[in-house]
Amino acid sequence: MTESFPKTIKAIGFNKNGDVDVIEELKDIPFPTASDEDVIIKVEYGGVNFVDTYQRAGLYPSSKFPVILGGEASGTVVKLPTSEKALDGLDLKVGDKVAAVVANSFAEYIALPAWRVAKLPANVDTRSGAAVMVQGLTALTFARESYAIKKGDVILIYAAAGGFGSLLTGMALHFGATVIATVSTETKAEFVRSLGAQHVLITSTQNVVDEVLKITNGDGVHAVFDGIGKDTFEDNFKLIRRKGTIVSMGNASGVAPPLNILRLGEKNIVILRPRVFGYITTPEETKHYQDELLSLLVQGAFKTKIHKDYPFTAEGVQQAQKDITSRGTIGKLLVNVAGS
């Protein structure tokens, strides 16, 4: 570390689990300690994700406190690794604009292994970079590996106006699928239609099972991507087709109930509860999907919509968590740590 770096940094997080009011400004956090294989990034934007609320509430328990919130960031490289192994073939230099999936990202500086860092293309700014990393990599890995979406598939995507749902909708369309999307309001429906979804269902006025079966002539969909959880879990078994796949990936309405494995045999279906880190565990996997994600972004294969930038304060992050759980947002929520 050089003298140009501060000894302590500001971060946003919590010292105990609870409601949003436990979120606070964490002062005098030591400047991140970097290994010889780490890059240090001066953070510009951090992405807000639903999983942040699970972590804060204790659904995903923390082993120690304080916990710095955030799971993705973008910014500027301020220090490179010193290890020859890490530097070998590394296409990064001080000053490069980058983004990464990284814990503790609501902080002024972060350190992480160089192989986890994605260099942003010249025409992708850090605001857009932060908007696509977690949800974009989740959508892409799920669309490639949880269920490999292909031309001719009919896919159901719940909550398609959200950050994850809108990215997955764009990718599924790009891969040649017909998309049935669910939203909660007409305003969200207009947005999802603008993405190109062929069928948009408004859950407050339409019965999803009935409409899906009508659209598919009673066959059901090839795959369901369900981030809602408890409230939609049973319906998935009614609208999935024989040999279909249910991808259960979120708990917005609560955790899905326990499953009797014998139910899978009714239609010979597959059900799984994946996490993105199971698909980007190794350097090779991470680079593969980062490269494909940024390539798709540059191609315009999906659109990024940013709902709002929130201030880098306890109150700002509290409001972001309230908003993301309110079902009133469209697109991605960001924390502006030091962006322009």
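Structure: above.
In what follows, the accompanying structure is described. Predicted model only: the values in this text are computed from it and were never measured. (Residues numbered from 1 in each chain as written. Predicted model: local features only at pLDDT ≥ 70, side-chain atom pairs only at ≥ 80, totals over all residues. Heavy atoms only, no water.)

1. Concerning the pattern of salt bridges
Moving on, step 1. In total, this model carries 14 salt bridges according to the counting rule given.
Moving on, step 2. In this structure, Glu72 engages Lys332 in a salt bridge whose closest nitrogen and oxygen atoms are separated by 2.6 Å. Taken together, the residues span a long stretch of sequence, with Glu72 in strand S5 (residues 72-79) and Lys332 in strand S16 (residues 332-336) at a distance of 260 residues.
Moving on, step 3. On the basis of relative accessibility, which here comes to 0%, the residue Glu72 falls in the buried class.
Moving on, step 4. We note a salt bridge from Lys150 to Asp153, for which the minimum N-O separation is 3.2 Å.
Moving on, step 5. Several salt bridges share partner residues, and in doing so they unite Asp91, Lys93, Asp96 and Lys119 into one network. (Salt bridge = Lys/Arg side-chain N within 4 Å of Asp/Glu carboxyl O. Helix = DSSP H or I, 4+ residues; strand = E, 2+ residues; numbered from the N terminus. Buried < 20%, exposed > 50% of the residue type's maximum accessible area, 1.4 Å probe, protein only.)

2. A few points about the sheet that holds strand S10 (residues 178-183)
Moving on, step 1. Spatially, the six strands line up as an open sheet ordered S11-S10-S9-S12-S13-S14, and their pairing is parallel. Where the open sheet ends on each side, the last strands, each with one partner, are strand S11 (199-202) and strand S14 (270-272). Direction aside, neighbouring strands of the sheet carry axes that sit 15 degrees apart on average.
Moving on, step 2. Running at roughly 175 degrees to strand S9 (residues 154-157), helix H4 (residues 163-174) makes contact with S9, S10 and strand S12 (221-226) of the sheet.
Moving on, step 3. This element, helix H6 (residues 208-215), spans S9, S10, S11 and S12 of the sheet and lies at about 160 degrees to S11. (Pairing = 2+ DSSP bridges. Axes fitted to C-alpha atoms, helices over the stretch in contact; angles between N-to-C directions. Contact = heavy atoms within 4.5 Å.)

3. Details of helix H3 (residues 126-146)
Moving on, step 1. Between its first and last C-alpha, H3 extends 28 Å over 21 residues, near the 30 Å set by a 1.5 Å rise per residue.
Moving on, step 2. Met133 marks where H3 bends most, by close to 45 degrees.
Moving on, step 3. The buried fraction of H3 amounts to 18 of the 21 residues, a majority that puts the element mostly inside the structure. (Expected span 1.5 Å × (residues − 1). Bend = angle between axes of the 7 residues up to and from the residue.)

4. Regarding the packing of aromatic side chains
Moving on, step 1. In the structure shown here, the tally under the stated rule is nine aromatic pairs.
Moving on, step 2. Aromatic pair Phe142 and Phe164: ring centres 6.2 Å apart, planes at 65 degrees, arrangement edge-to-face. Here the residue Phe142 occupies a position in helix H3, and Phe164 occupies one in helix H4, the gap between them amounting to 22 residues. Each member of the pair, Phe142 together with Phe164, is buried.
Moving on, step 3. Judged by centre distance (6.0 Å) and plane angle (75 degrees), the rings of Phe142 and Tyr279 are edge-to-face. Note that Phe142 is positioned in helix H3 and Tyr279 in the loop between S14 and helix H8 (283-299), a separation of 137 residues in sequence.
Moving on, step 4. Judged by relative accessible area, Phe142 falls into the buried class, the value being 2%.
Moving on, step 5. Of the residues examined, Tyr279 reaches a relative accessible area of 13% and is grouped as buried.
Moving on, step 6. Put simply, the rings of Phe5, Phe31 and Tyr109 touch in pairs and so form one group of aromatic residues.
Moving on, step 7. Lying over the aromatic face of Phe175, Arg144 brings its terminal NZ or CZ to 4.0 Å of the ring centre. (Phe/Tyr/Trp six-rings, centres within 6.5 Å; stacked < 30°, edge-to-face > 60°. Lys NZ or Arg CZ within 6 Å of the ring centre and 35° of its normal.)

5. Description of the pairing of strand S6 (residues 97-101)
Moving on, step 1. Burial within S6 is extensive, with four of its five residues counted as buried.
Moving on, step 2. Sheet topology note: the S5/S6 ladder contains five bridges and is antiparallel. Across the sheet, Glu72 pairs through a bridge with Val101, a residue of S6.
Moving on, step 3. When S6 meets strand S8 (residues 117-119), the two strands line up antiparallel, connected through three bridges. Within the sheet, the bridge partner assigned to Ala99 lies in S8 and is Ala118.

6. A word on the sheet that holds strand S4 (residues 67-68)
Pairing between the strands of a sheet comes from backbone hydrogen bonds, and it takes one of two forms, parallel or antiparallel.
Moving on, step 1. Spatially, three strands are ordered S2-S1-S4 in an open sheet, and the strand pairing comes out antiparallel. The open sheet terminates on both sides in strands that have one partner only, identified here as strand S2 (23-30) and S4.
Moving on, step 2. In this structure, strand S1 (residues 8-14) lies alongside S2, joined through six bridges in antiparallel fashion. What sits directly across from Thr8, in S2, is Pro30.
Moving on, step 3. Running at roughly 130 degrees to S2, helix H9 (residues 314-324) makes contact with S1 and S2 of the sheet.

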